[in-house]
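# Survey of secondary and tertiary structure
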Amino acid sequence: MAKGTPGLDLEKAKNVAQTVVGDVASVVHGALCFIGDRVGLFKAMAGAGALTIDELATKSGLSARYVREWLGAMAAAHYVEYDAGADTYLLTPEYAAVLADEDSPFFIGSYFQMAQAAVSVAPKVAEAFRTGKGVTQAEYPQSFFEAAERNSRTRYQHKLLRKWIPAMPQVVESLQAGGLAADVGCGGGRAAIMIAQAYPKARVVGFDIHAESIERARRNAQAAGVGDRATFEVANGTGLPTHGFDFVSTFDVVHDSVDPVGLMSGIRHALKPDGTYLVQELNISNKVGENLKPMGKMVYSVSTLYCMTTSLAHGGAGIGAAMGEPKARELASAAGFSRFTRLPIKDDFAVLYELRP
Ligand SMILES: C[S@@+](CC[C@H](N)C(=O)[O-])C[C@H]1O[C@@H](n2cnc3c(N)ncnc32)[C@H](O)[C@@H]1O
């Protein structure tokens, strides 16, 4: 192969190679961001102004030699601003909001933890490409589920209570009046806990098939002081052990599930006749041609590394994360819901569907 390869445009091939180098750089740089998140470097830099290598090493209690190499990578990626004259490094307020401040609405620093855990399973996923089977949840490191909880905690804190639930007045009314709510596929329980905190008369039950997540959710609820009103059970949404809910939610669950129609149908049976089911899914089209952008690149990759693959591990539907509204409507109708409304909420990451029996 080379110059004479038919159809090969050498200039274009050089550009492709540059793009791929940039992508590989992002992968390994992502590992350094994972480390920065884990050992507290982003947090140490946040609000600290311009720092020398030694100042950051002292502040973070870490090896100066490692800090120097890490800062080089962060500067090259423009995550920190390097002042060559002063030999200092600055994490701007904007990067601090995205990478360091877990209470900021912009915080996505935990994505690196999720990516690292997901990538660690890639050899098993490669095997699944050959067999067409999948990788079970039990084969993923706990860190993956902890990262998912960190990701969603920020989302719930800023959106669930302030925008999503208020968009459904009948839900607000029932929760204020002491209604019964369920969060199915609750993971570490952050949504259920926040609902219990915001609505002191309401009771919330979190269900999940993943026992370790339920254990963590119980501990989180105790720590938050709502362990009596936010309780958690290992259960499959296809056959919930409790019925009579005023409000049920699933956050990023339907596209992961083994039996999505069974899950939504189980939820419909568990709802009161005038109850509400809130489905949150990813803001992404089901058409590849509409997803040719960074969000598509991330969602298809995470879907392959977890969402589709854990569903296929049990012979499931394997819908994948790029589910899109038409599929959501089809599933809701098959599960027997008569009303489907897309809530008019603008969000780069999420779409919300309000379903009524
Ligand atoms: C991507 S995680 C989302 C967790 C949580 N809702 C959040 O937003 O952080 C999907 C969760 O759904 C759970 N799950 C999937 N199918 C389920 C089912 N049929 N019944 C109950 N939980 C289910 C998984 O175990 C996992 O914890």
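What you see is a predicted model, and the numbers here were worked out from it, not measured in a lab. (Residues numbered from 1 in each chain as written. Predicted model: local features only at pLDDT ≥ 70, side-chain atom pairs only at ≥ 80, totals over all residues.)

## Some points on the overall build of the chain
Looking only at helices and strands, the chain features 14 helices and nine strands. Relative to its length of 357 residues, the chain is compact, with a C-alpha radius of gyration of 23 Å against a globular reference of 21 Å. Along the three orthogonal principal directions, the C-alpha set of the chain runs to about 65 × 55 × 35 Å. Split into buried and exposed, the 357 residues of the chain put 42% on the buried side. Within the chain, contacts between residues at least 6 apart in sequence are counted, and of these 66% link residues at least 24 apart. (Helix = DSSP H or I, 4+ residues; strand = E, 2+ residues; numbered from the N terminus. Rg over C-alpha atoms; globule rule 2.2 N^0.38 Å. Buried ≥ 20, exposed ≤ 12 C-beta atoms within 10 Å, placed from the backbone. Contact = placed C-beta atoms within 7 Å.)

## Quick word on the nonpolar core
The biggest cluster of nonpolar side chains holds 77 residues, and the ones touching the most others in it are Ala181, Ile195, Ala196 and Val248. Ignoring any residue separated from it by four or fewer positions in sequence, one finds Ala196 in contact with Ala202, Val204, Val226, Arg229 and Ala230. Membership of the second largest hydrophobic core comes to 19 residues, among which are Leu41, Ala44, Met45 and Leu91. (Core = buried A, V, L, I, M, F, W, Y, C linked by C-beta atoms within 7 Å.)

## A short note on helix H1 (residues 10–39)
The end-to-end C-alpha separation of H1 is 43 Å, in line with the 44 Å expected for 30 residues at 1.5 Å each. On the buried face of H1, the contacting elements are helix H2 (41–45), helix H4 (64–76) and helix H6 (111–119). Just downstream of H1 lies Gly40, where phi reads positive at about 90 degrees. (Expected span 1.5 Å × (residues − 1).)

## As for unusual backbone geometry
Even without being a glycine, Asp87 presents a positive backbone phi close to 55 degrees. Here Asp87 lies in the loop between strand S1 (81–83) and strand S2 (88–90). Take Asp87: there are 10 C-beta atoms within 10 Å of it, and that puts it in the exposed class.

## Examining the pairing of strand S4 (residues 203–208)
On a regular strand, each side chain points to the face opposite its neighbour's, so the side chains alternate between the two faces of the sheet. Counting buried residues in S4 gives six out of six residues, a clear majority hidden from the surface. Burial of S4 is two-sided: the residues Arg203, Val205 and Phe207 facing one way and the residues Val204, Gly206 and Asp208 facing the other way are all buried. Looking at chain direction, strand S3 (residues 180–184) and S4 are connected through five bridges and run parallel. Counterpart to Ala182 in the pairing with S4 is Val205. Each parallel crossover has a hand, and the one from S3 via helix H10 (residues 190–198) to S4 is right-handed. Here S4 runs beside strand S5 (residues 230–234); their pairing, made up of five bridges, is parallel. Across the sheet, Asp208 pairs through a bridge with Val234, a residue of S5. With respect to chirality, the unit in which S4 leads through helix H11 (residues 211–223) into the neighbouring parallel S5 is right-handed. (Pairing = 2+ DSSP bridges. Right-handed = clockwise from strand over helix to strand, strands pointing away.)

## With respect to the domain arrangement of the chain
Each assigned domain of the chain is listed here: domain 1 (10–108) and domain 2 (114–356). Taken over C-alpha atoms, the centre of domain 1 sits 32 Å from the centre of domain 2. The interface is formed by six residues belonging to domain 1 together with four residues belonging to domain 2. Considering only residue class, the side of domain 1 that touches domain 2 consists of four nonpolar, one polar and one charged. (Domains from an automatic or database assignment. Nonpolar A, V, L, I, M, F, W, Y, C, P; charged D, E, K, R; others polar.)

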